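Now for the letters of each chain:
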Amino acid sequence: MLFRVESKPREPYVGEVIGNIRVQILSPTLVRIELKGPRGFEDRNTFTVQKRPRPIAPEKTEVDGHLHRIFYGSIEVAVNGGQSIADVIVYRDGKLAFKGTAKPQQLAFFPSPGHIPKSLPVYDAPRIIPSKWGAVPAKSKVKGETSGWDLSNQSTDVYVFLPDNYSQFRKEFLSLTGPTELPPLYSFGFWHSRYHPYSDKEALDVIDTYRKKDIPLDVFVVDTDWRVGASHGYATNAKLFPDMPGFIAKAHAKNVRLMYNDHPEPVGKTALEPKELAYRYEGLSSLLNMGVDVWWYDRNWSTHLHEPAPGLPKEVWGAAMFHDITQTARPNQRPLIMSNVPGIDNGLRNSVPHAAAHRYPVWWTGDTTGSFQYLENGIVNAVNSGADTFIPYLSEDLGGHFGNPLREVYSRFVQYGSLSPLARLHCTAGETRDPWAFGEPAESIVRDYVKLRYRLLPTFYAAARENYENGTPLLRRCDLDWPGMDGASAADQYLLGDDILVAPIFTSVDPEPTAIPVELLHNSSGGTGLKGEYFPNVDLKGAPQLVRMDPQIDFNWKVGPPAPGMPDENFSIRWTGKVGPVPVSGSYEFVTVTDDGVRLWVDGKMIIDKFQNMDHWQNRGSIDLE
């Protein structure tokens, strides 16, 4: 006898629907509240939410007219009417935890371990459904101008975290939005970078100098002059790099990876139109196919990438695009992208980054200045970002982007950088951060600390793996381990890995020199300031080309001339006059910071004698004054 049994599969539980509101209990500490969108409720993963837990059926529900109450464990969700997120209230343990609002709230900095809030709402905004192939050209014909990305079901969609503790919240947030990817091992080595029009020969010579100086180096940054026009586009500059694949191969043979800078300018009217994605993919992948290892996505300020939708900033979108292009072009290698960190503008922390910003390492804080203040800012930003935005690979332009840092400032930058997630020298045009340009003891300090970093590579990589697994930052603010201890939340010290306490120095051992006040400088004409005689040669020969009164000797001409009509290089200047009266009698130290040579006399006594070629050098001399 034959029997036939048919049964209809049980539909998966999708949550409680009350009017236009859907409530999903995702865990004992996570509730999703969603307003119905133009295409209904959304069950697909989004750009922000990469792994949504399966909803849990409530233990009980109660209905009293328009009021619906949903219970699970210690959670109660009350929905009155169900026409707006503002109709929803979440309670935990009988206490108010979250009250919905009609408009999405801004994402806040995440809580510190010692101050866990009752709830923390994270909005999936803008709600964008990515294509299956990511931010690259569509693999097949798709309708419309969004290359397979779906922006049509925008709606208010909030995930309400009800954290028991900091670690549990961090784990659940990163499970929902995706982990920070694990960078390749070479990224933890030392990086050389400079905004400079390197030729292939000059770049290889710098790499050889690192080897001769016995300073380890893993990454060389070519910056942006590798291309025609040095700004945008992907055609290589044949004058500087007549054989780009050959240069890349030679650098690789010296065991150095290469990062190239891209200042992307849009070619389409929208971020997702096929023309835009095809242009970016073809350009970036053409260099990747030559062997370029890392792309530096430099956001630009005035002309920049379009945003796919309001609320997804260009910094996050661009990093995701460059990541997807690298992964598609080289599927067997781990992508690495350096991009501007959202929320920190040129070293100053201004806002909370997007909820998906943490996924695409590594980041830097923009164009800073070579001073102790910016070094302190960099330390504090990196330590805090790992704790309250879950961005663990924040880095500085070591030495500062602008300015000629004093030798001590430069050395302190490198010391900190060697014990931070990314150790990368960098500066603007006309300046240098070469370790040998700062003389001794700076060169030896760089060598010693970079070698220390390499001895600590197992510590860095183990910390990076732990960050990938559970979000623990590489630089651990001390309240992550000791949440109740006084002073533990200070961001000027941190644990590197499990057991190395780092307290970087970001103040001068000696008082930082300042320009002599204008009122203390006098000239023979009876006015303030010194007489300056400007010569168009390096030896003060002949008649000066320009004579003027300079209020102070405090100039930074960068790559330009010291005065109109003077040459950009190979000039010399003599200043003469009187200084005083000094406020108290005693020994006074005069400090000169020059590029290149300098001599200084006071009362006919030469107290500084360094009239020679040198890069940004600080010299000191003392004399008794009454």
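Structural data are supplied above this passage.
Residues numbered from 1 in each chain as written. Predicted model: local features only at pLDDT ≥ 70, side-chain atom pairs only at ≥ 80, totals over all residues. Heavy atoms only, no water.

Visitor: Just checking my understanding: could you explain unusual backbone geometry for this structure?
Guide: Note: most peptide bonds trans; most residues except glycine with negative phi. A cis amide bond links Ala125 to the next residue, Pro126, at an omega of -10°. Mapped onto the secondary structure, Pro126 falls in the loop between strand E9 (120–123) and strand E10 (157–161). Here the bond from Pro361 into Val362 is cis, since omega is 15°, no more than 30 degrees from zero. Even without glycine at this site, Asp93 takes up a positive phi of about 55°. Summarising the element assignment, Asp93 is placed in the loop between strand E7 (88–92) and strand E8 (95–99). For Asp93, a relative accessible area of 60% corresponds to the exposed category. A positive phi angle, close to 55°, is found at Ser147, a residue other than glycine. Checked against the element boundaries, Ser147 lands in the loop between E9 and E10. (Helix = DSSP H or I, 4+ residues; strand = E, 2+ residues; numbered from the N terminus. Buried < 20%, exposed > 50% of the residue type's maximum accessible area, 1.4 Å probe, protein only.)

Visitor: Whenever I open this one, helix H8 (residues 442–455) confuses me. Can you help?
Guide: In an α-helix there are 3.6 residues to a turn, and that puts residues three or four apart on one side. Over its 14 residues, H8 runs 20 Å from end to end, which matches the ideal 20 Å to within 8%, given 1.5 Å per residue. Along H8, the residues that are buried comprise Ala442, Glu443, Val446, Arg447, Val450 and Arg453. Summarising the axial view, the buried residues of H8 lie within an arc of 140°, below the 170-degree limit, and thus occupy one face. Buried-residue contacts for H8 involve strand E11 (190–192), helix H7 (407–418), strand E20 (423–424) and helix H9 (457–470). (Expected span 1.5 Å × (residues − 1). Arc of directions from axis to C-beta. Contact = heavy atoms within 4.5 Å.)

Visitor: I keep staring at the nonpolar core and nothing clicks. Help me out?
Guide: One recurring pattern in soluble globular proteins is that nonpolar side chains are buried together. Grouped together as the largest cluster of nonpolar side chains are 103 residues, with contacts concentrated most on Phe47, Phe247, Tyr260, Trp295 and Trp317. Among the elements that take part in this core, helix H5 (residues 314–329) stands out by supplying seven residues, more than any other. With sequence-adjacent residues up to four places away left out, Trp317 is seen in contact with Phe47, Ala135, Trp149, Ala271, Leu272, Leu277, His306, Pro308 and Leu312. Among the nonpolar cores identified, the runner-up in size contains 20 residues, and Val23, Val31, Val77 and Ile85 belong to it. (Core = buried A, V, L, I, M, F, W, Y, C linked by side-chain atoms within 4.5 Å.)

Visitor: Sorry if this is basic, but what is going on with empty space enclosed by the protein here?
Guide: Counted by the stated rule, this structure contains three cavities of 30 Å³ or more. Leu107, Phe110, Pro353, His354 and Thr389 are, among the 14 residues lining the largest cavity, the residues nearest its centre. Residues of the lining of the largest cavity, tallied by class, amount to ten nonpolar, three polar and one charged. (1 Å grid on protein atoms, 1.4 Å probe; cavity = no way out; pocket = protein on both sides within 12 Å on 5 of 7 lines; lining within 4 Å. Points joined across faces, edges and corners; volume = space filled by probe spheres on them. Nonpolar A, V, L, I, M, F, W, Y, C, P; charged D, E, K, R; others polar.)

Visitor: I tried to follow the packing of helix H6 (residues 372–388) against H7 on my own but got confused; where do I start?
Guide: Geometry of a packed helix pair, given as the angle between the helix axes and the separation of the axes. At a closest axis distance of 10 Å, the pairing of H6 and H7 adopts a crossing angle of 10°. Here H7 runs roughly parallel to H6, going by the angle between their axes. Residues Phe372, Tyr374, Leu375, Gly378, Ile379 and Ala382 of H6 form the contact with H7, whose own contacting residues are Glu408, Val409, Arg412, Phe413 and Tyr416. (Axes fitted to C-alpha atoms, helices over the stretch in contact; angles between N-to-C directions. Parallel < 35°, antiparallel > 145°, perpendicular 65-115°, else oblique.)

Visitor: Hey, could you run me through the packing of helix H2 (residues 200–212) against helix H3 (residues 244–253) in this one?
Guide: Relative orientation of the contacting elements H2 and H3 amounts to 5°, with a least axis distance of 11 Å. Between H2 and H3, the angle falls in the class roughly parallel. For the pair H2 and H3, the contacting residues are Asp200, Ala203, Leu204 and Ile207 in the first and Phe247, Lys250 and Ala251 in the second. Among the residues making up the contact of H2 with H3, the classes are represented as five nonpolar, no polar and two charged.

Visitor: Can you walk me through the pairing of strand E13 (residues 257–262) in this structure?
Guide: Regular strands have side chains that alternate between both faces of the sheet. Along E13, five of the six residues are buried, which leaves the element largely enclosed by surrounding structure. Of the strand pairs in this sheet, strand E12 (residues 219–223) and E13 are connected by four bridges, and their pairing is parallel. Looking at the pairing, Val219 lines up with Arg257 of E13. Of the crossover connections in this fold, the one passing from E12 over H3 to the parallel E13 is right-handed. In terms of strand pairing, E13 meets strand E14 (residues 294–297) through four bridges, oriented parallel. Residue pairing in the sheet places Asn261 in a bridge with Trp296 of E14. Taken together, E13, helix H4 (residues 274–290) and E14 constitute a β-α-β crossover, and its handedness is right-handed. (Pairing = 2+ DSSP bridges. Right-handed = clockwise from strand over helix to strand, strands pointing away.)

Function cannot be inferred from these measures alone, as they are strictly geometric.
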